[in-house]
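Structural features, examined
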Amino acid sequence: MLYVIWISLLLVLSNELSASVNAHSTDALLLLPTHSHAVVSGQRCPAADPNLNFGPVIGIVSHPGDGASGRLSNATNASYIAASYVKFVESAGARVVPLIYNEPPEVLCKKLSLVNGVIFTGGSSKTGLYFEVVTSIFKDVLRKNDAGDRFPLLAICLGFELLTMIVSKDNNILERFSASDQASTLQFVENIDISGTVFQRFPPVLLNKLSTECLVMQNHKFGISPEKLQKTERLSRFFEILTTTADTDDKVYVSTAQAHRYPVTALQWHPEKNAFEWASSSIPHSEDAIQVTQNVANFFIREARLSMHRPSSQEVLDNLIYNYSPTYCGKAGKGYDEVYIFS
Ligand SMILES: *[C@@H]1O[C@H](CO)[C@@H](O)[C@H](O)[C@H]1NC(C)=O
Ligand SMILES: *[C@@H]1O[C@H](CO)[C@@H](O)[C@H](O)[C@H]1NC(C)=O
């Protein structure tokens with residue numbers, strides 16, 4: 001009998017204990033600022049910072065082909081943008097205008113005047129009109145920044161390789177690496193100062209994981225070694241190396257670089273794939289990996305919000321990617337999941 005009472009008492013006690021723990025956590029929730037005296041009514045919300053552009057628009061340069069080896073289009077003038085780049089931009093609060101590389105130069109020039117930053121995507125084309133257009137847009141990015149109009153550029157994979165060729169003025173500068181279809185770590189250059197770079201606002205825990213866990217997706221056959229970048233004066237004057245990565249043969253390439261004097265960031269890896277591409281089983285999709293996508297997108301669009309250029313909104317609407325429809329091509333189990341095709 002006593003034993004039963006004792007057990008009941010214990011049960012009551014433990015219930016009270018857990019109730020008080022719950023009450024405690026509810027108290028903590030009730031301490032949100034909205035429940036204190038400092039309630040801010042809609043009318044008293046502070047005005048948006050006039051020095052920032054809260055409607056940034058990003059130009060993405062289309063790449064020759066249909067992105068699906070002819071499965072979607074064989075048109076000789078077809079070009080494409082993988083939808084993952086568009087979603088990447090949208091996920092951070094910006095919209096996209098496609099810069100269709102083979103449109104007449106005056107159309108391309110007009111569209112370039114409607115955007116607050118540019119992305120050079122991955123792909124394979126390094127010659128012909130595409131190379132010329134990327135070169136001329138890159139020069140325009142530098143001119144805009146030199147003129148005081150902050151205008152960021154994010155160059156991904158092939159985009160980085162093209163910048164390496166353009167900045168060095170050497171179309172044979174790239175080296176071969178075995179880094180197709182693999183997730184990797186990023187090794188930070190010793191004593192590197194990450195302020196002002198893509199990594200600045202990464203949560204410290206995530207930053208550490210980048211060098212120990214395979215959180216970024218690589219898919220390239222070319223690149224540049226840190227030695228070659230450093231000893232090529234045009235490149236070392238333009239770029240600072242932030243991270244390196246070893247390929248499957250333990251050959252080391254530059255995986256992240258930042259321009260010294262321009263908001264130009266070059267990634268040999270694919271920040272957009274973690275959250276938005278599913279064809280390869282090597283693409284990391286863990287919560288940490290998704291946070292990598294989100295942090296890079298937030299960094300780039302934060303840069304674009306510094307662009308004060310405000311084009312006419314009707315012209316922007318007429319040219320947004322929403323005027324086009326993406327095609328789902330993920331069922332083939334290779335390449336991209338969705339692409340925008342322009343032909
Ligand atoms: C493009 O050409 C290839 C080879 O002839 C063919 O297999 C494919 O179906 C074509 N694509 C389209 C969209 O018609
Ligand atoms: C591609 O060719 C078609 C047919 O000749 C033409 O209507 C279209 O405007 C061209 N597209 C581009 C982007 O040059």
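If you're wondering where the values come from, they're calculated on a predicted model, not measured in any experiment. (Residues numbered from 1 in each chain as written. Chains lettered and ligands numbered in written order. Predicted model: local features only at pLDDT ≥ 70, side-chain atom pairs only at ≥ 80, totals over all residues.)

Things to note about the overall build of the chain
Along the backbone of the chain there are eleven helices and 14 strands. By the burial criterion, 39% of the 343 residues in the chain qualify as buried. For the chain, restricting intrachain contacts to residue pairs at least 6 apart in sequence, the fraction spanning at least 24 positions comes to 75%. (Helix = DSSP H or I, 4+ residues; strand = E, 2+ residues; numbered from the N terminus. Buried ≥ 20, exposed ≤ 12 C-beta atoms within 10 Å, placed from the backbone. Contact = placed C-beta atoms within 7 Å.)

Section: the site of ligand 2
Every residue close to ligand 2 is listed here: N77, I100, N102, E103, F342 and S343. A class-by-class count of the residues in the shell around ligand 2 yields two nonpolar, three polar and one charged. (Near = placed C-beta within 6 Å. Nonpolar A, V, L, I, M, F, W, Y, C, P; charged D, E, K, R; others polar.)

Quick look at the site of ligand 1
Taken together, G70, L72, S73 and N74 make up all the residues around ligand 1. Considering only residue class, the shell around ligand 1 consists of one nonpolar, three polar and no charged.

Re the sheet that holds strand 13 (residues 327–328)
The strand order 2-3-14-13 describes an open sheet built from four strands, whose pairing is antiparallel. Edge strands, defined here as strands with exactly one partner in the open sheet, are strand 2 (63–64) and strand 13. Where strand 3 (residues 79–82) and strand 14 (residues 338–342) come together, four bridges link them in antiparallel fashion. The partner of S79 across the bridge, within strand 14, is F342. Against the sheet, helix 2 (residues 83–91) engages strand 3 and strand 14, with an angle of about 45 degrees to strand 3. (Pairing = 2+ DSSP bridges. Axes fitted to C-alpha atoms, helices over the stretch in contact; angles between N-to-C directions.)

Some remarks on the packing of helix 2 against helix 10 (residues 287–304)
Across the interface, helix 2 lies against helix 10 with an axial gap of 8 Å and an inter-helix angle of 70 degrees. Looking at the two axes, helix 2 sits roughly perpendicular to helix 10. Considering the relative orientation of helix 2 and helix 10, their crossing is right-handed. Between helix 2 and helix 10, the residues in contact are F88, V89 and S91 and T293, Q294, A297 and I301, respectively. (Parallel < 35°, antiparallel > 145°, perpendicular 65-115°, else oblique. Left-handed = near helix turned anticlockwise from the far one by under 90°.)

Digging into the pairing of strand 9 (residues 216–223)
With seven of eight residues buried, strand 9 lies mostly within the body of the structure. Across six bridges, strand 7 (residues 175–184) lies against strand 9 in antiparallel orientation. From the neighbouring strand, S184 faces strand 9, where its bridge partner is V216.

Thoughts on unusual backbone geometry
If you check the backbone angles, D181 has positive phi at about 50 degrees while not being a glycine. Along the polypeptide, D181 turns up in strand 7. Given 13 C-beta atoms within 10 Å, D181 falls into the partly exposed group. A positive phi angle is found at N191, which is not glycine, with a value near 60 degrees. Structurally, N191 is set in the loop between strand 8 (187–188) and helix 6 (204–212). Classification of N191 by C-beta neighbours within 10 Å gives exposed; the count is 5.

With respect to the confidence of the model for the chain
On average, residues of the chain carry a pLDDT of 91, and 87% of them reach 70 or more. Per-element confidence in the chain ranges from a low mean pLDDT of 48 for helix 1 (residues 2–30) to a high of 99 for strand 5 (residues 118–120). (pLDDT = per-residue confidence, 0-100.)

Digging into the environment of G65
Note that G65 resides in the loop between strand 2 and strand 3. Owing to 21 C-beta atoms within 10 Å, G65 belongs among the buried residues under this scheme. Residues G65 and I341, 276 residues apart in the sequence, show an inter-C-alpha distance of 8.3 Å. Once you skip the residues sitting within four places of it in the chain, G65 turns out to touch A78, S79 and Y80.

Examining the nonpolar core
What tends to happen in soluble globular proteins is that the nonpolar side chains get buried as a cluster. The biggest cluster of nonpolar side chains holds 85 residues, and the ones touching the most others in it are I58, I60, V89 and V339. The biggest single contributor to this core is helix 10, with eight residues. Look past the residues within four positions of V89 in its chain and what remains in contact with it is I58, A94, V96, A297 and I301. (Core = buried A, V, L, I, M, F, W, Y, C linked by C-beta atoms within 7 Å.)

With respect to the UniProt feature "active site" (unreviewed entry) in the chain
Look at the UniProt record and you will see "active site" (unreviewed entry) annotated at C157 and H270. For the annotated residues, spread through 114 residues, the largest C-alpha to C-alpha distance comes to 6.7 Å, consistent with a single compact locus. Structurally, C157 can be placed in the loop between strand 6 (153–156) and helix 5 (158–168). Ignoring any residue separated from it by four or fewer positions in sequence, one finds C157 in contact with G122, N219, H220, Q268 and H270. (UniProt positions renumbered as here; feature names shortened; annotations may be inferred.)

Things to note about helix 10
If you check helix 10, its first and last C-alpha atoms are 26 Å apart, about what 18 residues at 1.5 Å a residue would give, namely 26 Å. Looking at helix 10, one finds that the buried residues are A289, V292, T293, N295, V296, A297, F299, F300, I301, E303 and A304. Summarising the contacts, the buried residues of helix 10 are in contact with strand 1 (57–61), helix 2, strand 6, strand 9 and helix 9 (273–276). (Expected span 1.5 Å × (residues − 1).)

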